[in-house]
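Coordinates in review
Listed below are the residues making up each chain.
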Amino acid sequence: MTSLGLSTRTIVLLSVGIAILIALPLVVKSSFAIEIFIRILLFSFIGTAWNLMGGYAKQLSLGHAAYFGLGAYTSTILQIDFNISPWIGMIAGGLVAVLASLPIGWLCFRLRGPYFTIATIATAQALMLIFLKFRDLAWGAEGTTIPNLGSAPLMMQFETKASYYYVVLGLLVLALAITWLIERSWVGNYLVAIGEDEDAAEAIGVDAPRMKRDIYMISAFLTALAGTFYTQYIYFIDPATAFSFSISIEAALVSIVGGIGTLWGPVIGTILLETTSTLLQSWLGSSIGGVQLTVYSLILMAVILWRPTGLMGMIDEARHRFVSRKPVQA
Amino acid sequence: MWETVAQAVINGLLIGGIYALVSIGVTLIFGVVKIVNFAQGEFVMIGMYISFFLANQFGIDPLLSLFVSMPVLFVVGVLIQHFLIRRVLGPNDMPQIFLTFALSLLLLNLALMLFTANYRTVHTSYSDEALHVGGLYIPVAKLIAFVVAMALSGALWVFLHTTDLGKAMRAAAQNRDVAMLMGINPDRVFCVALGIALALAGAAGSLLMPFYSAYPFVGQVFVLMAFVAVVLGTLGNVIGALVASLMMGVAESLGIQYVGADSGLIVVFAMLLLTLAFKPSGLGGGRAR
């Protein structure tokens, strides 16, 4: 046991995993493949951020695009109007998201269950409308392109896709580390207690409103970082992309399919969904609209009806059956 | 001056009747089965496509296709309750929310694949007709839709208050455990609730068809409106949902008149956020009836 309480085996596995991820762009030269890796890492990151609140505390938000968009717009406005580096803008965007999560949370947490979910959808859509309607605020509906400076690492612009890969890999490692720390502390236990039964948790002394507010702030902060990264990566921003409902959907989807409230669930869920989506696109071409989400929704329904614990639940079961030969815990 | 206001109010009330059919379905399912059906708007969309194809292929008037869309969607509702929703009922929120949400995504994207994103319209002899009453302009198609919507809502109220099955549904909504002890079969009641709610959505679709375009995303407009109306009218309360829907229609129409053509949604969101901030239990307050 080390000071962090990790077993030697875990440390070896983690080191090997990180080494492979760092080496990957050096070995794989196809920019198409790197783009897919970036998508997988990005949505794993967004999913991990969602999972902190949606997975552990079971506050099922479908409005995380609000923070993705706020992060994207904050850093872009700072960059274009004030020439401030997106690295600083990214943190600023995170802080804006944290501030915005306070009133949004204050409103939405008044409702529970499905009506909390609906309220979060409405807040994200309302923010999109604000950015669409108020043209003085930020370019209105047509959005803007990010000035391309060529190779400018200090402005978060790189010549190779591989550099973006490392940025988003770093973000994912950060989010996983935060999740890992929370999961094994009293905070994680309190969140799970709220997720299981909020009234019971309050009855034994958990300050549920404060816990929900705090985890919402962390989740919003991380989601905003993804917004800045994505805008820098595609060199474009408009309200329909930045506040896209599909961001909110995918954040929740990858976590549920992978295993809600587990450390690796969002990562595994993203790998499955993004791989499926890529295969579908190469097989059918991108000509028919709606194919990707049709398949996603079928996978989601299958998981909910047959394996509510997601892929992580299946992996755990298999491990129990084959490795430790212990009976499966239901 | 007063004529513009009156005209906006009338426009709002007329479309509010359609919102009411969708909201009553949502609130009925929430009251009886205790789940939120995120796919309710997609059933409006299906109702519209049923009417569109009947009109296009066989020249059947969209108002007559009500007699097809309502029974078809009733059966769909019973099947969805029996084969899908029944399996996720329990204390856990996640499967309930995301099952109907997945269903909504599935139907929407299937429609996109099968019918493309094109707008489909049906032109009827009364599509362009309008009544002129004291300087006010009342489109006939919208007036018919409103009257039929109110009649269907009234019929549902009579059903819930006078028939044994209707009373069983209200009893199940008030206290499921006691209702079961009194010999009410919850599965049957839930199936009927889903069936009625979806039939109402189908009716909304058929009634819309003479004056509104069908496209895969059309349901999203109506379901959003319904969710707000259902919160505003107190969750699970049928009359509350009806009144709130009419209010929403008027608010949206006044917003379009005085704020700008595309401000309807902003007004809706503003109403939802104000409701949450000041009256989270809805205008009816207290318990669901």
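Keep in mind the model is a prediction, meaning the values are calculated, not measured. (Residues numbered from 1 in each chain as written. Chains lettered and ligands numbered in written order. Predicted model: local features only at pLDDT ≥ 70, side-chain atom pairs only at ≥ 80, totals over all residues.)

Let's talk about the overall build of chain A
Tallying secondary structure elements over chain A gives 15 helices and two strands in all. Relative to the 2.2 N^0.38 estimate, which gives 20 Å for 330 residues, the radius of gyration of chain A is 20 Å and therefore close to what a compact globule would have. Overall, chain A is about 60 × 50 × 45 Å in size when its C-alpha atoms are taken along their principal axes. Relative to its full complement of 330 residues, chain A shows a buried share of 46%. (Helix = DSSP H or I, 4+ residues; strand = E, 2+ residues; numbered from the N terminus. Rg over C-alpha atoms; globule rule 2.2 N^0.38 Å. Buried ≥ 20, exposed ≤ 12 C-beta atoms within 10 Å, placed from the backbone.)

A short note on the overall build of chain B
When you go through chain B residue by residue, the secondary structure sums to eleven helices and two strands. The C-alpha atoms of chain B give 19 Å as radius of gyration, which agrees with the globular expectation for 289 residues (19 Å, within 12%). Each of the 289 residues in chain B was classed as buried or not, and the buried ones make up 53%. Contacts in chain B between residues at least 24 apart in sequence constitute 78% of all its contacts with a sequence separation of at least 6. (Contact = placed C-beta atoms within 7 Å.)

Re the nonpolar core
Residues Val168(A), Leu21(B), Ala193(B), Ala204(B) and Val228(B) are the most contacted members of the largest nonpolar core, which totals 193 residues. For this core, the element with the most residues is helix H8 (residues 186–208) of chain B, which contributes 16 residues. When residues no more than four places from it in sequence are discounted, the contact partners of Leu21(B) are Ala149(B), Leu152(B), Leu200(B), Ala201(B), Ala203(B) and Ala204(B). (Core = buried A, V, L, I, M, F, W, Y, C linked by C-beta atoms within 7 Å.)

A closer look at the pairing of strand E2 (residues 136–139) of chain B
Residues and elements named next belong to chain B. In terms of strand pairing, strand E1 (residues 130–133) meets E2 through four bridges, oriented antiparallel. Its bridge partner lying in E2, Ala130 is registered against Pro139. Here E1 folds back onto E2, and the loop between the two strands holds two residues, one of which, Gly134, carries a positive phi near 50 degrees. (Pairing = 2+ DSSP bridges.)

Comments concerning the interface of chain A and chain B
Of the residues lining the interface, 31 residues belong to chain A; the matching set on chain B comes to 27 residues. Breaking the side of chain A that touches chain B down by element, the ones donating at least two residues are helix H5 (114–133) and helix H14 (291–306) of chain A. Considering each element in turn, the side of chain A that touches chain B owes the most residues, ten residues, to H14(A). Residue composition of the side of chain A that touches chain B, grouped by class: 22 nonpolar, seven polar and two charged. (Nonpolar A, V, L, I, M, F, W, Y, C, P; charged D, E, K, R; others polar.)

A closer look at the packing of helix H2 (residues 40–58) of chain B against H8(B)
Residue and element names in this part refer to chain B. Where H2 meets H8, the axes come as close as 7 Å, and the angle between the chain directions of the two elements is 50 degrees. On the basis of their axis angle, the class for H2 and H8 is oblique. Along this stretch, H2 crosses H8, giving a crossing that reads as right-handed. When H2 is examined against H8, the residues Gln40, Phe43, Val44, Met45, Ile46, Gly47, Met48 and Ser51 are found in contact with a partner set consisting of Leu198, Ala201, Gly202, Ala203, Ala204, Gly205, Ser206 and Leu208. Of the residues that constitute the contact of H2 with H8, the class distribution is ten nonpolar, six polar and no charged. (Axes fitted to C-alpha atoms, helices over the stretch in contact; angles between N-to-C directions. Parallel < 35°, antiparallel > 145°, perpendicular 65-115°, else oblique. Left-handed = near helix turned anticlockwise from the far one by under 90°.)

Concerning the packing of helix H8 (residues 186–196) of chain A against helix H10 (residues 208–234) of chain A
Residues and elements named next belong to chain A. Two numbers describe how H8 lies on H10: the axes approach to 10 Å, and their chain directions differ by 110 degrees. It follows from the interaxial angle that H8 and H10 lie roughly perpendicular. Here H8 and H10 pass one another in a crossing that is left-handed. Side by side, H8 and H10 meet where Tyr190, Leu191 and Ile194 of the first sit next to Ala208, Met211, Lys212 and Ile215 of the second. In the contact of H8 with H10, the residues fall into six nonpolar, no polar and one charged.

Points about helix H3 (residues 65–82) of chain A
Spanning 18 residues, H3(A) covers 25 Å between terminal C-alpha atoms, matching the ideal 26 Å at 1.5 Å per step. Directly after H3(A), the chain includes Asn83(A), whose backbone phi takes a positive value near 60 degrees. (Expected span 1.5 Å × (residues − 1).)

What to know about unusual backbone geometry
All names here are of chain A. At Lys58, a position not held by glycine, the phi torsion is positive, near 55 degrees. Checked against the element boundaries, Lys58 lands in the loop between helix H2 (31–56) and H3. At Asn83, a position not held by glycine, the phi torsion is positive, near 60 degrees. Among the structural elements, Asn83 can be located in the loop between H3 and helix H4 (86–108). The exposure class assigned to Asn83 is exposed, which follows from the 8 C-beta atoms found within 10 Å.

Here we look at H10(A)
Residue and element names in this part refer to chain A. Given a rise of 1.5 Å per residue, 27 residues ought to cover 39 Å, and the 39 Å separating the end C-alpha atoms of H10 matches this to within 8%. With 21 of 27 residues buried, H10 lies mostly within the body of the structure. Taken from the residues just after H10, Tyr235 is the one with a positive phi, measuring 55 degrees.

Regarding the confidence of the model for chain B
Residues and elements named next belong to chain B. Mean pLDDT over chain B: 86, with 96% of residues reaching 70 or higher. Contacts of residues 285–289 to residues separated by more than four positions or lying in other chains number eight contacts, the stretch itself having pLDDT below 50. In the predicted assembly, ipTM is 0.86 and pTM is 0.86. (pLDDT = per-residue confidence, 0-100.)

Some thoughts on the environment of Gly249(B)
All names here are of chain B. For Gly249, the location among the structural elements is in helix H10 (residues 238–258). By C-beta crowding, Gly249 is classed as buried, having 25 other C-beta atoms within 10 Å. Measuring from C-alpha to C-alpha, the distance between Gly249 and Ala20 comes to 9.2 Å, with 229 residues separating the pair along the chain. In contact with Gly249, not counting residues within four places along its chain, are Gly12, Leu13, Ile15, Gly16 and Tyr19.

Some words on the environment of Arg210(A)
All names here are of chain A. Among the structural elements, Arg210 can be located in helix H10. A tally of 10 C-beta atoms within 10 Å means that Arg210 is categorised as exposed. Distance from Arg210 to Gly188, taken between C-alpha atoms, is 14 Å for residues 22 residues apart in sequence.

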